[in-house]
Amino acid sequence: MGKTIDIAIVGCGGMAGAHLNGYEELLRGGERRFRIVAAVDEVKEGADAFAQRLHDSVGFDVKTFTSVDKLLNSGLHIDGADICSPHGLHHVLSCQLLAGGVNVLCEKPIGVTVKASKKIAAMAKKTGLVAATAEQCRRSIGQRTIHWAFNDGLLGQPRMWWAIAASWRDPAQVGGWHWRIDRKLGGCGMVMDSGAHWVDTMRYWFGEVDSVYARVEQIYDRPHQKGDRLVNSTQEDFWTCIFNFASGLIGTWSWTISAPGKGFTQLTMAGTKGSLIDSDIFHPAAFQARGEAQLLDGTSYNMEKLQQMYQETLSSRKRNQLFPYGITGGVTLELWDFIDALSKGRPVEIDVEEGLRSKAVSEAVYESGKSGDVVKVKDVLSGKVNAYQKDVDRMWKL
Ligand SMILES: NC(=O)c1ccc[n+]([C@@H]2O[C@H](COP(=O)([O-])OP(=O)(O)OC[C@H]3O[C@@H](n4cnc5c(N)ncnc54)[C@H](O)[C@@H]3O)[C@@H](O)[C@H]2O)c1
């Protein structure tokens, strides 16, 4: 059965709420190898509300803290921390917890920059503890099915794909300032925020990206209310990029919220034997795999049928490993992976190094957008190309 894992939630905001739903789903499914024993948030009421919810829903006795320091100094036994904080704090909190002997599961993007992500990787190596990237999309049944459809031959060798989402968000609608807009805490725009899901997914389906050419722009000023001032964000409201994969596959990814009129989305992925086509998606980054496969001979399969075909190929051992308790939602599965890995002492599926490789691809998009050059992902990973990230590294003294 493995040992029981004591978990602390660190950062009790929006995404931590989704994690709580996942933990509750695991308990309902019958998973008993974990307990949530602590909730940490700099806003005490946030941590208290989480503790109360867990007490009311599953009877856990959850201690609350206003900092990781206080948690580590409390003497409370913690095996793993689930970090759902602003991006800029990912490396700070992860390194603190790892140094304090606690394994970590950290929300995407793993670090605020490549350097920050490497800091987590180095600390994980030094301590020999698990540092996992919380990335759910590739784990869901839709993404697993598409991986199978391309990698087991149904659609043949993948050759090209297009992912496009165009919509309109009126720049005159001023939002409140938020950590996501803040360069130090957020570090990025949507290329790397919800875009992190797409980058992880495309690497999972199609392998490593060799180089990127991108335009990343702010078409309209996008001001936010900060105190009594209006401050423009530096975030992109448009990007378009070409990915050259090591395999020779070509990918084209475009997104904007600055196209007036009726929005549209389109995702088409073409292999040598057929294509996967989906025009009913909210955002390519959050692609939920609702399209259909169309083969050269005219056969087509809707996503439900494809998922059924995929599941029929799975041994019961593999099925239990990928979809324990019959769960098919990515967030719950990422939590289960962390718990199962700690409980059995096995590696997680998406560790910090894997998160770092995705991070480098997202940063390559920004780096290319800044320089206008075709950027090699290996140069971003090595730190040779870092003009876009330099100011954030400086702010965090990295
Ligand atoms: N996987 C997904 O689909 C998904 C979706 C949304 C957000 N996220 C990620 O989750 C993370 C959190 O995003 P969110 O939307 O929940 O933000 P949020 O602002 O709702 O929550 C962040 C929480 O962290 C707390 N916090 C700030 N500094 C802290 C500190 N030093 N110690 C402890 N707590 C601190 C804040 O008080 C807040 O409660 C980000 O990495 C984000 O990218 C992932």
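About the cut-offs
- Residues numbered from 1 in each chain as written.
- Predicted model: local features only at pLDDT ≥ 70, side-chain atom pairs only at ≥ 80, totals over all residues.
- Near = placed C-beta within 6 Å.
- Helix = DSSP H or I, 4+ residues; strand = E, 2+ residues; numbered from the N terminus.
- Domains from an automatic or database assignment.
- Contact = placed C-beta atoms within 7 Å.
- Nonpolar A, V, L, I, M, F, W, Y, C, P; charged D, E, K, R; others polar.
- Pairing = 2+ DSSP bridges.

A short note on the site of the ligand
- In the vicinity of the ligand, 22 residues are found, and the nearest of them are G11, G13, G14, M15 and E107.
- Residue contributions to the shell around the ligand peak at three residues, all from helix α1 (residues 14–29).

Some points on the domain arrangement of the protein
- Partitioning the protein into structural domains gives domain 1 (5–136 + 326–350) and domain 2 (138–315).
- A separation of 27 Å is found between the C-alpha centroids of domain 1 and domain 2.
- Listed by partner, the interface residues are 14 residues for domain 1 and 13 residues for domain 2.
- Here the residues of the side of domain 1 that touches domain 2 sort into four nonpolar, seven polar and three charged.

Brief notes about the sheet that holds strand β11 (residues 229–232)
- Pairing in this open sheet of three strands is mixed, and the strands run β8-β10-β11 from one edge to the other. What marks the edges here is a single partner per strand, and that holds for β8 (175–176) and β11.
- The pairing of strand β10 (residues 223–226) with β11 spans four bridges and is classified as antiparallel. What sits directly across from P223, in β11, is N232.

Side note on the pairing of β10
- Direction of pairing for β8 relative to β10: parallel, over a ladder of two bridges. Along β10, the bridge assignment pairs G176 with Q225.
- In this structure, the hairpin formed by β10 and β11 is closed by a connection of two residues, where G227 is found at a positive phi of approximately 60°.

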